[in-house]
Amino acid sequence: MTSMEPFGARLRRVMDERGPLCVGIDPHASLLAGWGLNDDVAGLERFSRTVVEAVADRVAVMKPQSAFFERFGSRGVAVLETVVREARAAGALVVMDAKRGDIGSTMAGYAEAYLHQGAPLFSDALTVSPYLGYGSLSPAVALARESGAGLFVLALTSNPEGPEVQHAVRADGRSVGATMLAHLAAENAGEEPLGSFGAVVGATVGDLSSYDLAINGPLLAPGVGAQGATAADLPKVFGPALRNVVPNVSRGVLRHGPDTGALRAAAERFAGEIQAVVAGS
Ligand SMILES: O=C(O)c1cc(=O)[nH]c(=O)n1[C@@H]1O[C@H](COP(=O)(O)O)[C@@H](O)[C@H]1O
């Protein structure tokens, strides 16, 4: 397998060129209806390819939400394959949001599905859940390193149910979420200009001053837009780590379709607000 330049280096460059915004592709049934599309495979394909056409040539990252494609079985997954290919061809990095996590031997299978170059769903990075134990992710870490891909590990998620697991305090006094961040910092040690092993930290989670976000890797920050966070919240949540934050907006952009100009304008509005807070921090 020919190795690509590591994900972290590719991400840093595209963030420098395009700004850090990630636009999510989340074809909810309600959004398809809002766009005047049927809730079927043709509607799914029209929706997701329109989003790619509108923004993949200008945003740093696109994050298809696998759940909404899997809903339609193998034909939905075929659409997902097309979407990944087209978004990457337009210069965006694709983070596959499938939140995989299993015992190590099975995790190796998931890693092959998304992180092996040449796999039909090969993506620049994959979201993974470490809640079977961080070590269960090692096959994905190893394959990502080999192929130049990355991971985003759920650390402090944007949903209100997350804290019962992620804020739980271990016998050594550290919270579970902080432990995941520490694992990622170790993974990324010494990498320049940025490591490839990111954390998911919701933009909605509030004050993180007691957490060490200096993991030398990207921080994927969902929650801006529909979940109530704004660009203005980002400096408060992320402090000095803001430079490595990739804010994700899905419904906040998608609800402006189906007009490509309106989608583009919505993405550019979020991108502008985010650029302004990053520049001012
Ligand atoms: O991993 C994710 O992307 C993710 C983690 C998290 O903590 N919270 C979260 O909302 N997400 C995803 O980010 C997207 C947010 O969508 P909107 O709320 O519509 O912007 C969805 O695809 C979620 O599954």
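What counts and how
- Residues numbered from 1 in each chain as written.
- Predicted model: local features only at pLDDT ≥ 70, side-chain atom pairs only at ≥ 80, totals over all residues.
- Heavy atoms only, no water.
- UniProt positions renumbered as here; feature names shortened; annotations may be inferred.
- Near = heavy atom within 4 Å.
- Polar contact = N/O pair within 3.5 Å; in protein donor to acceptor, adjacent residues only side chain to side chain.
- Areas by Shrake-Rupley, 256 points an atom, 1.4 Å probe, with all protein chains shown as cover.
- Nonpolar A, V, L, I, M, F, W, Y, C, P; charged D, E, K, R; others polar.
- Phe/Tyr/Trp six-rings, centres within 6.5 Å; stacked < 30°, edge-to-face > 60°.
- Helix = DSSP H or I, 4+ residues; strand = E, 2+ residues; numbered from the N terminus.
- Buried < 20%, exposed > 50% of the residue type's maximum accessible area, 1.4 Å probe, protein only.

An unreviewed UniProt entry lists the protein chain under the name Orotidine 5'-phosphate decarboxylase, from Streptomyces monashensis. Recorded under Catalytic activity (unreviewed entry), the UniProt text for the protein chain is reproduced unchanged: "orotidine 5'-phosphate + H(+) = UMP + CO2".

Break down the site of the ligand for me, with residues and values.
Near the ligand lie 16 residues; those nearest to it are Asp26, Lys63, Ser158, Gln227 and Arg251. Taking serine 158, its side chain carries an N or O atom lying 2.6 Å from a nitrogen atom of the ligand. In the model, an oxygen atom of the ligand is placed 2.8 Å from a nitrogen or oxygen of the glutamine 227 side chain. Within the complex, 89% of the 510 Å² of free accessible area of the ligand lies under protein. Its residues assigned to classes, the shell around the ligand shows four nonpolar, seven polar and five charged.

Describe the packing of aromatic side chains, listing the residues and the values that go with them.
A ring pair, where both rings are aromatic, is described by two values, the distance of the centres and the angle of the planes. Taken as a whole and judged by the stated rule, the model has two aromatic pairs. Between phenylalanine 7 and phenylalanine 152 the ring centres are 5.9 Å apart and the planes differ by 90°, which places this aromatic pair in the edge-to-face class. With a gap of 145 residues between them, phenylalanine 7 in helix α1 (residues 7-18) and phenylalanine 152 in strand β5 (residues 150-156) connect regions that are remote in the sequence. Residue phenylalanine 7 shares its accessibility class with phenylalanine 152, and that shared class is buried. On the basis of an interplanar angle of 35° and a centroid distance of 4.1 Å, the ring pair of tryptophan 35 and phenylalanine 47 is categorised as tilted. Highlighted residues: tryptophan 35 in the loop between α2 (29-34) and α3 (41-55) and phenylalanine 47 in helix α3, separated in sequence by twelve residues.

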